[in-house]
Amino acid sequence: MNKHAPLGIDLAGVQAGRLAPADYAREFADCETPLTAHQAVTEADRCHYCYDAPCSQACPADIDVPGFIHRVAQNNTRGAAELILTANVLGGICSRVCPTENLCQQACVRNAQDGKPLNIALLQRFATDQFFADGGKPLFVRAPATGKRVAVVGAGPAGLTVAHQLAVAGHDVDMFDASPKAGGLNEYGLARYKVGENFASKEVAWLLSVGGIHFHPQTRLGQDVQLNTLREEYDAVFLGLGLAAVNDASLGSAEPAGVMDAVDFIARLRQSTDLRQLPVGRNVVVIGGGMTAIDAAVQAKKLGARDVTLVYRRGADAMKASPKEQAFAKDNGVTLRYWSAPLAYQQQNNQVTGVTFSVMAQSDTGLVDTGERYTLAADWVLKAIGQAYDPAPAGTAITLKQGRILINEQGQTSLPGVWAGGDCCFGGLDLTVDAVRQGKIAAGSIAQALSVATSHADFAGEHAHG
């Protein structure tokens, strides 16, 4: 048996160390070349510094885009970073993973004028990278302690945003997360070639350095801590639970060895200290059409898989992965096949050997099976067909909508004293930057509620003494 094969896989095609040692560093190097100082100033000079700028309006985190670009043009990178991080405390990682081509850059007036918007993402990265390279000197001063305590469950982008804002306001925050490290998908769920050099952990460490945030790793809601207990012991509770459940693709039978969730593959790769030890199949099939599917497929190819095919049940236009990401996958040797739904796994001795697909078509009544079939050989299958909110840890008392937590405009759930934000909530964009937006809204609402509670307590005390 191949000693490197995960999950008991015993296939000659699944093996580690497919590349020469030096090739791993090249394959998983940063997929974007950062701007030099000269390039950053030159790019910044293209900005029109629009009044009521459409790029800022398109940013879920409300970053003052013309403002920080103007500071870059003036060689004031710390000032630029301050504008960015004040609006979005995770502005460094967002500059790497935010789909700016669909947000601020799409709204850039340069896009309409000459078809070449400012590269806002790289300018934002330049400013934040320069800030962190200079040691990430403090930008925020924590207010005097208020005596109020807040529990934040989930250390992903929404939870980190809430924790930071409330800590800066002087509240004490206990942050709980099931994983060993804080960061959520930024730490465990992004392609290694997008966020390298341990940047996610460095950004989190800087965020926590403001003080007042106590991180409790490997602490699970529903097991190690209970929501009702948190509600009793804290002045407010925020849930940033993410999407912990994975959608089912068993295809009506037990899955053979060699079939695994793409999120697990990505997390394992992200946390690996030696990529040479990671196995990969010779023929890999990825099922799905979102960013997770793209990240899994490209990284399987970069690990040395011979053939990687990403298969999606609808057309290219319906994929959650942007045209830019689809093109990136193709440029890296991934074959994309559309209009195909998985029908059955082929196997031998409980080892996957292929996947049979149904050819689909769009009709007036929706997606239909044409009856045509084909089979792709596979010794590895990565499922990336979406994740779902798991309601079990928080219990059934919280109102859901379409399987996710229902919140109001202030991020409040149906339970008094409990707020929520991020991917676990209905109506979001499932983006890091949108989780930050929701975290900011919830933090503001929590701070206001704590302030009102303090005012009422002070009034009651004064009235009693009077």
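Located above this text is the structure these notes cover.
In this text the structure is predicted, and so the values were computed from the model without any measurement.

Draft legend 1. Quick peek at empty space enclosed by the protein. Per the stated rule, a full pass over the model turns up two cavities of 30 Å³ or more. For the largest cavity, the calculated volume is near 130 Å³. The leading source of residues in the lining of the largest cavity is helix α9 (residues 120-133), at three residues. Of the residues assigned to the lining of the largest cavity, the class counts are twelve nonpolar, four polar and no charged. By volume, the second largest cavity amounts to about 100 Å³. Taken together, 16 residues form the lining of the second largest cavity, with Cys-47, His-48, Cys-50, Cys-55 and Cys-108 sitting closest to its centre. Those elements that provide at least two residues to the lining of the second largest cavity are α3 (54-58), α4 (65-73) and α8 (109-114).

Draft legend 2. Representation of the nonpolar core within the structure. Counting residues in hydrophobic clusters, the biggest one holds 68 residues, and the most contacted among them are Phe-68, Ile-69, Val-72, Leu-123, Trp-206 and Ile-446. Counting residues in hydrophobic clusters, the runner-up holds 34 residues, among them Leu-275, Ala-296, Ala-297 and Val-308.

Draft legend 3. The arrangement of the pattern of salt bridges in detail. Under the criterion given, the structure shown has 22 salt bridges. Here Lys-137 ties to Asp-134 by a salt bridge, and the two come within 3.7 Å at their closest N and O atoms. The closest approach of N and O atoms between Arg-437 and Asp-434, which form a salt bridge, is 2.6 Å. With Arg-437 and Asp-434 both in helix α17 (residues 432-465), this residue pair falls three residues apart, about one helical turn. Among the charged side chains, a salt-bridge network with shared partners connects Asp-23, Arg-26, Glu-27 and Lys-302.

Calculation criteria
Residues numbered from 1 in each chain as written. Predicted model: local features only at pLDDT ≥ 70, side-chain atom pairs only at ≥ 80, totals over all residues. Heavy atoms only, no water. 1 Å grid on protein atoms, 1.4 Å probe; cavity = no way out; pocket = protein on both sides within 12 Å on 5 of 7 lines; lining within 4 Å. Points joined across faces, edges and corners; volume = space filled by probe spheres on them. Helix = DSSP H or I, 4+ residues; strand = E, 2+ residues; numbered from the N terminus. Nonpolar A, V, L, I, M, F, W, Y, C, P; charged D, E, K, R; others polar. Core = buried A, V, L, I, M, F, W, Y, C linked by side-chain atoms within 4.5 Å. Buried < 20%, exposed > 50% of the residue type's maximum accessible area, 1.4 Å probe, protein only. Salt bridge = Lys/Arg side-chain N within 4 Å of Asp/Glu carboxyl O.

Keep in mind these values describe shape, not function.
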